[in-house]
Amino acid sequence: MPTRVDRALIERLGSAAGDLLLGASCHGCGSPWWGVCPRCRADVAGRSPFVTAPQPTPAGFPLTVTSSPYDDVFRNVISAHKERQALILTRFLAERLALAGHSLLSAYAARTEIRAVTLVPVPSATAVVRQRGFDATWAMSKLAVRRLQAVHPVVAQRMLEQRRTIADQAGLTAAERAANLRQAFGLRRGSTAEQVVLVDDVVTTGASLTEATRVLETAGITVLGAITVAATARRTTPLSRA
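Criteria and cut-off values
- Residues numbered from 1 in each chain as written.
- Predicted model: local features only at pLDDT ≥ 70, side-chain atom pairs only at ≥ 80, totals over all residues.
- Heavy atoms only, no water.
- Helix = DSSP H or I, 4+ residues; strand = E, 2+ residues; numbered from the N terminus.
- Buried < 20%, exposed > 50% of the residue type's maximum accessible area, 1.4 Å probe, protein only.
- Core = buried A, V, L, I, M, F, W, Y, C linked by side-chain atoms within 4.5 Å.
- Contact = heavy atoms within 4.5 Å.
- Phe/Tyr/Trp six-rings, centres within 6.5 Å; stacked < 30°, edge-to-face > 60°.
- Axes fitted to C-alpha atoms, helices over the stretch in contact; angles between N-to-C directions.
- Parallel < 35°, antiparallel > 145°, perpendicular 65-115°, else oblique.
- Left-handed = near helix turned anticlockwise from the far one by under 90°.
- Nonpolar A, V, L, I, M, F, W, Y, C, P; charged D, E, K, R; others polar.

S.K.: Before we go on, may I ask you to explain the environment of Glu211 in this structure?
M.R.: With respect to the secondary-structure elements, Glu211 resides in helix H8 (residues 207–218). Linking Glu211 and Pro62, residues 149 residues apart in sequence, is a C-alpha distance of 9.9 Å.

Below, the structure is given as structure tokens:
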């Protein structure tokens, strides 16, 4: 049976072979590797979740916990997962998402009993999902739930959908993003939940999470907060459980 050292050696040899044969490289830093290399994993593993909010903070922006600042590693990994369908990265990103989710739910559990919680991904445009071939945020949410269920009563459900076409958010100001997303989301028919936690890959201006919160709260659904893999953090604070 291979030892841990043997497995590490096999992985390194496999990655080197992949680089020679297929040009495989770490999606975080570009060094020869399959998926995310040990150096990037070690760097990321040392990061603790924190509460984040954009500046300026939109009115109605939910309590949001993220697993990491949005640096080069996560910029590259999230882009590869979402834009290039690097499905090997789904588990890695879901683990980070679950870490943020555990921090948020543990903080609530320290103060009050938590009933069933539903993870709700911020919806992606139907045309974009069709073009990519999969819904990146939904894929992460499902895997994150599997990890969280060992400690917390959680499920995942696609409760939101896009009701109209929205422009590409890239390059838009915070005000333009808010206007672009206003009234863009709606509650899916038959969706029900008492308490939800919103899910997204990155929080930037907060427009998507704010609009998603508005739709859910208008329907009488309690939004405990939101979790993301990363954040272009403008304001950060430790997560208090007191």
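That covers the picture; the talk isn't over yet.
S.K.: Sorry if this is basic, but what is going on with the environment of Gly46 here?
M.R.: Along the chain, Gly46 turns up in the loop between helix H2 (38–45) and strand E1 (50–53). Judged by its relative accessible area of 64%, Gly46 is exposed. Taking the C-alpha atoms as reference, Gly46 lies 9.8 Å from Ser68; in sequence the two are 22 residues apart.

S.K.: Any chance you could explain the nonpolar core here in plain terms?
M.R.: Generally speaking, soluble globular proteins have nonpolar side chains that are buried together. Within the largest apolar cluster, 38 residues are counted, with the highest numbers of intra-cluster contacts made by Phe74, Leu93, Val197, Ile227 and Val229. Contributing elements (two or more residues each) for this core: H2, helix H3 (72–83), helix H4 (90–109), strand E3 (117–121), helix H6 (136–148), strand E7 (195–203) and strand E8 (222–231). By residue number, the principal contributor to this core is H4, which donates 8 residues. Every residue in contact with Val229, bar those within four places of it in the chain, is listed here: Thr66, Ser67, Ser68, Phe74, Ile78, Leu93, Arg96, Leu97, Met140, Asp200 and Asp201. Phe185, Ile221, Val223 and Ala226 belong to the second-largest nonpolar core, a separate cluster that totals 19 residues.

S.K.: I keep staring at the packing of aromatic side chains and nothing clicks. Help me out?
M.R.: How two aromatic rings sit relative to each other is given by the distance of their centres and the angle of their planes. If you walk through the whole model with that rule in mind, you get 1 aromatic pair. Aromatic pair Phe74 and Phe92: ring centres 6.1 Å apart, planes at 15 degrees, arrangement stacked. Note that Phe74 is positioned in helix H3 and Phe92 in helix H4, a separation of 18 residues in sequence. Accessibility expressed as a relative area gives 0% for Phe74, which makes it buried.

S.K.: Where do I start with the packing of H4 against H6 in this structure?
M.R.: For any two helices packed against each other, one specifies the crossing angle of their axes together with the interaxial distance. Put simply, H4 and H6 touch, their axes get as near as 8 Å, and they point 55 degrees apart. The orientation of H4 with respect to H6, classified from their angle, is oblique. Between H4 and H6 the crossing geometry is right-handed. Within the contact between the two elements, H4 uses Thr90, Arg91, Leu93, Ala94, Glu95, Leu97, Ala98, Gly101 and His102 and H6 uses Ala139, Met140, Ser141, Leu143, Ala144, Arg147 and Leu148. Considered class by class, the residues forming the contact of H4 with H6 number 9 nonpolar, 4 polar and 3 charged.

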